[in-house]
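# Structural overview
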Amino acid sequence: MSDFPFGFGPPPEEPEDGKDGDTPDGKGSGSGSGSGSGGPANPFNFGFGGIPGMPGGSGGSGNPLEGLFGAMNPGDLGAAFQQLGQMLSFDGGPVNWDLAKDIARQAVVQETEGGSKDRSVGESERTAVAEAVRLADLWLDSATSFPSGASSAVAWSRAEWIEATLPAWKELVDPVAERVATAMGGVVPEEMQAMAGPLLGVMRSMGGAMFGTQIGQALGALAAEVVGSTDVGLPLGPAGKAALLPQNIDAFGEGLSVPTDEIRLYLALREAAHQRLFNHVPWLRQHLFGAVEAYARGIKVDASRLEDLVGQIDPSNPESMQEAMSGGLFQPEDTPEQKAALARLETALALVEGWVDAVVHAAAAPHLPHAPALRETLRRRRASGGPAEQTFATLVGLELRPRRLRDASRLWASLSDARGTDGRDALWQHPDMLPTAKDLDDPDGFVHGADSPAGEDAIDFSKLDEMLGRAAAANEKNDEDDKNDDEGKA
């Protein structure tokens, strides 16, 4: 788990040897917040990329306005003042989502080193995606008891992915950002509220802009690599709409020596499987998003640092705000409540991804020769800290550990062998029926019951069968007795 959501706090320490998420080459699973650039000089870890003098810009010291305007041509000053005015006048919530969307869309239309800029989706690509999802749904019928959850299939460009998933990102990120903003305002002494009122408004606007900039940059980078609407294990797109990104699928397949049609089909299986699960387990989405909200409720801000900050700022000297913020003001405490919420979210996401992994493998193996290789490629992508995991960790402070994913996949596969697809999928009827983190440590114990090392907490399916059989026999006997009584009375 990442200790500092939204990139707050000091840079992460080097991982200890043997920790979960290490890749075969010895690199960690990445992510967490504040990767690399988040030193003490920029506690937010936010960047106004390309704007000298602002956090993350090429200046980094001195008056931010001097750095901003000093590098501009006189003809650009009007646009610069207009942009700055929009940033400071923003009052739409804890995150400037208009700015985030603009930055994300600008990022995907820029050609980067080693990458390509966004392009429109061709008609042939839309047809190929629709056919792949249709075939994937047919294959999934034999691998899960859940019926199709996709009412339509769409092919998105990167910009279309940003537009379609932005509402879900708002729902995920706003509770955390709002809690941080509320904590900031709540620690200012009442006698200072009147004096600091205008300054707090400016700080809130700047905070919304910084949140928006960080999120926009993250979403722009993520849009360049995701292959569908469920890469982070959450339903980011509209309900019932299976979506794939043809341009990113082509990039994903480079160097794999696997036909593009087969890669598209395998990824369509994953997208369609996610759609089935989220559409037919109505409580699951809120369960996941609610865990993020529970985490947000536990965020606290260093009150003494904020009080010192207010005392150090000279409204007539813009440099004083930048200097006051250089000491690491925002360091949310990792409370037991937050740890519990993140543990629930991590386990639930692992169960979702593990179920999809197991179901897709069962559906793809009879049809796709390269299914095992594609499965391992996607697993390694997660183990190396893929873009989805890194972005999610940056935005909400969570990593989905690869070890949990593999354990969850093995558990669901074992349940399918022991109970069939109906028995396996029945566990999604209620969150209390799902395996726990302890069960992921011992999947065989959960599957095979109390005689296994899992002990009394495991489900003993054999005893459950016996109980159901006795109940059915008793009902039949009662029915027969009632029938005989009626015939005797007649």
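Let me sum up the structure you'll find in this document. (Residues numbered from 1 in each chain as written. Predicted model: local features only at pLDDT ≥ 70, side-chain atom pairs only at ≥ 80, totals over all residues. Heavy atoms only, no water.)

## A word on the overall build of the chain
When helices and strands are counted, the chain shows 18 helices and two strands. For the chain, the residues scored as buried account for 49% of the 490 residues in total. Within the chain, contacts between residues separated by at least 24 positions form 77% of all contacts whose residues are at least 6 apart in sequence. Counting every atom, the chain has about 22800 Å² of accessible surface; 51% of that belongs to carbon and sulfur. (Helix = DSSP H or I, 4+ residues; strand = E, 2+ residues; numbered from the N terminus. Buried < 20%, exposed > 50% of the residue type's maximum accessible area, 1.4 Å probe, protein only. Contact = heavy atoms within 4.5 Å. Areas by Shrake-Rupley, 256 points an atom, 1.4 Å probe, with all protein chains shown as cover.)

## Regarding helix α7 (residues 246-253)
An α-helix turns once per 3.6 residues; consequently, residues spaced three or four apart project the same way. Where burial is concerned, most of α7 is hidden: six out of the eight residues are buried. P246, Q247, N248, I249, F252 and G253 are the residues of α7 that are buried.

## Here we look at the packing of aromatic side chains
One pass over the full model with this rule turns up three aromatic pairs. When the centroid spacing of 5.8 Å and the interplanar angle of 50 degrees are considered together, the rings of F146 and W355 count as tilted. In this pair, F146 is assigned in the loop between α4 (123-140) and β1 (152-155) and W355 in helix α12 (residues 336-364), connecting sequence segments 209 residues apart. By the burial criterion, F146 is buried, and W355 matches it. (Phe/Tyr/Trp six-rings, centres within 6.5 Å; stacked < 30°, edge-to-face > 60°.)

## Overview of the nonpolar core
Most often, soluble globular proteins keep nonpolar side chains buried together rather than apart. W161, L269, L284, L288, W355, W412 and W428 are the most contacted members of the largest nonpolar core, which totals 95 residues. Residue contributions to this core peak at 15 residues, all from α12. Once residues lying within four places of it in the same chain are set aside, the contact partners of W412 are L351, G354, W355, A358, R424, L427, W428, L434 and P435. (Core = buried A, V, L, I, M, F, W, Y, C linked by side-chain atoms within 4.5 Å.)

## Considerations on helix α3 (residues 97-108)
Here α3 spans 17 Å end to end across twelve residues, near enough to the 16 Å set by a 1.5 Å rise per residue. Along α3, the positions that sit buried rather than exposed are W97, L99, A100, I103, A104 and V108. Along the axis of α3, the buried residues cluster in a sector spanning 160 degrees; they form a single face. (Expected span 1.5 Å × (residues − 1). Arc of directions from axis to C-beta.)

## Considering unusual backbone geometry
Look at S257: it is not a glycine, yet its phi comes out positive at around 60 degrees. Its location among the elements puts S257 in the loop between α7 and α8 (260-280).

So, to be careful, I would describe these as geometric facts and stop short of saying anything about function.
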